[in-house]
Structures are given as structure tokens and as C-alpha cells.
Amino acid sequence: MPKVSKETASETIALEGLEVQLEHLDGGYSVCFESHTADADLADLFRGLPDDRSQLPRWGYVITGKVAFRFADREETYEAGDAYYVPPGHTPIHFAGAEIVEFSPTDILGETIGVVLENLRAAGVEA
């Protein structure tokens, strides 16, 4: 796929407080258009990954609001207008009102989503 928008993305993942439109692009990368409608510390969803943290590198841009990522030794926050790179070894923190666009390697994203969905099912949440 040479281009994609939030409206044309082929997959949607919706949870309470989060909606993601997702598309896998040629070249091994995926794009996620995320809308956050609730504050959430998502650390528990990454249990089972190495160090119980996301091993997914993320390149992103905050359209509105803010988003944060917690590492073992620090927390980084990005606000509207910020472009960012987040290396592996983090857990995300969402804030209501945030709209972001992120790019990540498709293979690692798939592995990560699998663990997240398993943790959601174990918690009794449908995705």
C-alpha cells in the first residue's frame, strides 16, 4: 500500500478509551492512527514481554493532547506538535484527548499486539 489515512486504514482495534486505525505498509512498517478518550497506564498489558515492557520501537507525531512512555529509569512526555522516537523497553501512558500517529516495524508490532490481546482476554476485556 503506497499511502493510507485514518479513514482508509484497513484494521480497527477499539477498547474502552482507545481506538486505533491500523495499516501495514510495504517495506515492513505499519502505521497506527490512535485516538485516546481516557487516561490509562497500560503497563499491565505488556506483561509477558521481555522485562514486561514493549520491545517495539515507535516513531510518532502528537496531533493533539499528550502521550507518555515509562522506562525503567525515566518517563518521557510528548505534547501536540512533537515528533518522537521511543526505543524498545517502555510502557505507554495515554491521556484523554490525545491523537497520535505512529510508525513501527510490522513484525514486532504483530508480536506485541498478540501479547497485549492475550493480557486483555485474561482480564476479561474484549478487543
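Higher on the page you've got the structure.
None of these values were measured; they are calculated from a predicted model.

Chemist: Sorry, what's going on with the overall build of the protein here?
Modeler: In terms of helices and strands, the protein carries one helix and 10 strands. In the protein, the succession of α and β elements from N to C terminus is β-β-β-β-β-β-β-β-β-β-α. Computed over its C-alpha atoms, the radius of gyration of the protein comes to 14 Å, within 12% of the 14 Å expected for a compact globule of 127 residues. Each principal axis of the C-alpha atoms in the protein carries an extent, and together these give about 35 × 30 × 25 Å. With 127 residues in all, the protein has 39% of them scored as buried.

Chemist: Hey, could you run me through the pairing of strand β8 (residues 83-86) in this one?
Modeler: Strand residues, when the strand is regular, have side chains that alternate between the two faces of the sheet. With burial as the criterion, only one face of β8 is covered, namely that bearing Y84 and V86; the residues A83 and Y85 on the opposite face remain uncovered. Of the pairings in the sheet, the one linking strand β5 (residues 58-64) to β8 comprises four bridges and is antiparallel in character. Within β8, the position partnered with G60 by the bridge is Y84.

Chemist: I keep staring at the packing of aromatic side chains and nothing clicks. Help me out?
Modeler: Aromatic rings in a pair are described by how distant their centres are and how their planes are angled relative to each other. On inspection of all chains with the given rule, the structure shows five aromatic pairs. With 6.1 Å between their ring centres and 70° between their planes, Y29 and W59 make a pair best called edge-to-face. With Y29 in strand β3 (residues 29-36) and W59 in strand β5, this residue pair connects regions lying 30 residues apart in the sequence. What makes Y29 partly exposed here is its relative accessible area of 38%. Accessibility expressed as a relative area gives 34% for W59, which makes it partly exposed.

Chemist: Please clarify how the sheet that holds strand β10 (residues 99-105) should be interpreted in this entry.
Modeler: The strands making up a sheet are joined through hydrogen bonds of the backbone, oriented either antiparallel or parallel. Ordered in space as β1-β2-β3-β10-β5-β8, the six strands form an open sheet in which the pairing is antiparallel. Each of the sheet's edge strands pairs with one partner strand only, and the pair in question is β1 (11-15) and β8. This sheet shows a mean twist of 20° between the axes of neighbouring strands, independent of strand direction. The pairing of β1 with strand β2 (residues 18-25) spans five bridges and is classified as antiparallel. By the bridge assignment for β2, A14 is matched with E19. The strands touched by helix α1 (residues 106-122) within the sheet are β1, β2, β3 and β10, with β10 carrying the most contacts at an inclination of about 115°.

Basis of the calculations
- Residues numbered from 1 in each chain as written.
- Predicted model: local features only at pLDDT ≥ 70, side-chain atom pairs only at ≥ 80, totals over all residues.
- Heavy atoms only, no water.
- Helix = DSSP H or I, 4+ residues; strand = E, 2+ residues; numbered from the N terminus.
- Rg over C-alpha atoms; globule rule 2.2 N^0.38 Å.
- Buried < 20%, exposed > 50% of the residue type's maximum accessible area, 1.4 Å probe, protein only.
- Pairing = 2+ DSSP bridges.
- Phe/Tyr/Trp six-rings, centres within 6.5 Å; stacked < 30°, edge-to-face > 60°.
- Axes fitted to C-alpha atoms, helices over the stretch in contact; angles between N-to-C directions.
- Contact = heavy atoms within 4.5 Å.

Take it as geometry only, folks, not as evidence of what the structure does.
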